Amino acid sequence: MKRTTINHHARKGKRMISTLLLGIAISSLLLGEQANAQAAVKTSTGSSVVRQQQDPFLSTVGADSDEDVYDDLYEGGSLADTARRNNKNPQAVIDLQVAQMNELLTQRLINGSITPDTYRAQKEELTELITKSVYGQHPYNL
């Protein structure tokens, strides 16, 4: 019985890492430094105040930081759980990630790093893959 518990925790940890990696990969590939960009804003007194732009992913799940998302996933939650807990719609997380990945796939096609057949195949499975990831379900056994 102890082995079953250990295997369950190991699989849960791997699923959490897979979900986190997908979210981070999407954000970092598409947003790069833009996600952490800072903008100077002039106040009414003329002084400059530096304000960090909100990462669209964090805003969509309602989290303050990547660490908050990581902690939720590490505890066994999903991105959908995090979004709901923060009064956000899990479908918005799916929509954002699908849009970002579609943009990435299109860029990869334009750059010639994937073939049109690969592009079509990946686009076909994209929404299902991301939906399963957001809800903490994976089509493969980790």
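That block above? That's the structure.
Worth saying up front: this structure is predicted, and the values here are computed from it rather than measured.

> Now, about the side chain of Ser 78: what can you tell me, with residues and values included?
Inspection of the secondary structure assignment puts Ser 78 in the loop between helix H3 (66-74) and helix H4 (79-85). When near neighbours in sequence (up to four residues on either side) are disregarded, Ser 78 contacts Leu 73, Val 134, Tyr 135 and Gly 136.

> Go over the packing of helix H5 (residues 90-111) against helix H6 (residues 116-134), please, and point to the residues and values.
For any two helices packed against each other, the geometry comes down to the angle between their axes and how far apart the axes lie. Where H5 meets H6, the closest approach of the two axes is 9 Å, and the angle between their N-to-C directions is 160 degrees. Taken together, H5 and H6 sit at an angle that is classed as roughly antiparallel. The interaxial crossing formed by H5 with H6 has right-handed handedness. Contacts between H5 and H6 involve Pro 90, Val 93, Ile 94, Gln 97, Val 98, Met 101, Asn 102, Leu 105, Thr 106, Arg 108 and Leu 109 from the former and Pro 116, Tyr 119, Gln 122, Lys 123, Leu 126, Thr 127, Ile 130, Thr 131 and Val 134 from the latter. Residue composition of the contact of H5 with H6, by class: twelve nonpolar, six polar and two charged.

> Please provide a residue-by-residue account of H6, values included.
In this model, H6 (19 residues) spans 27 Å end to end at C-alpha, consistent with the 27 Å of a helix rising 1.5 Å per residue. By the largest-angle criterion, Leu 126 marks the main kink of H6, which is about 40 degrees. For H6, every residue scored as buried is listed here: Tyr 119, Leu 126, Ile 130, Ser 133 and Val 134. Count one or two residues on from H6 and you reach Gly 136, which has phi positive near 75 degrees.

> Break down a negative patch on the surface for me, with residues and values.
On the surface, a cluster of negative charge is made up of Asp 64, Asp 66, Glu 67, Asp 68, Asp 71 and Glu 75. Examined against the element boundaries, Glu 67 turns out to sit in helix H3. The class for Glu 67 is exposed, based on a relative accessible area of 53%.

How each quantity is defined
- Residues numbered from 1 in each chain as written.
- Predicted model: local features only at pLDDT ≥ 70, side-chain atom pairs only at ≥ 80, totals over all residues.
- Heavy atoms only, no water.
- Helix = DSSP H or I, 4+ residues; strand = E, 2+ residues; numbered from the N terminus.
- Contact = heavy atoms within 4.5 Å.
- Axes fitted to C-alpha atoms, helices over the stretch in contact; angles between N-to-C directions.
- Parallel < 35°, antiparallel > 145°, perpendicular 65-115°, else oblique.
- Left-handed = near helix turned anticlockwise from the far one by under 90°.
- Nonpolar A, V, L, I, M, F, W, Y, C, P; charged D, E, K, R; others polar.
- Expected span 1.5 Å × (residues − 1).
- Bend = angle between axes of the 7 residues up to and from the residue.
- Buried < 20%, exposed > 50% of the residue type's maximum accessible area, 1.4 Å probe, protein only.
- Patch = residues over 30% accessible without salt bridge, like charges linked within 9 Å, V, L, I, M, F, W, Y side chains within 5 Å.
- Areas by Shrake-Rupley, 256 points an atom, 1.4 Å probe, with all protein chains shown as cover.
- Salt bridge = Lys/Arg side-chain N within 4 Å of Asp/Glu carboxyl O.
- Lys, Arg positive; Asp, Glu negative; His and termini not counted.
- Charge placed at Lys NZ, Arg CZ, Asp CG, Glu CD.

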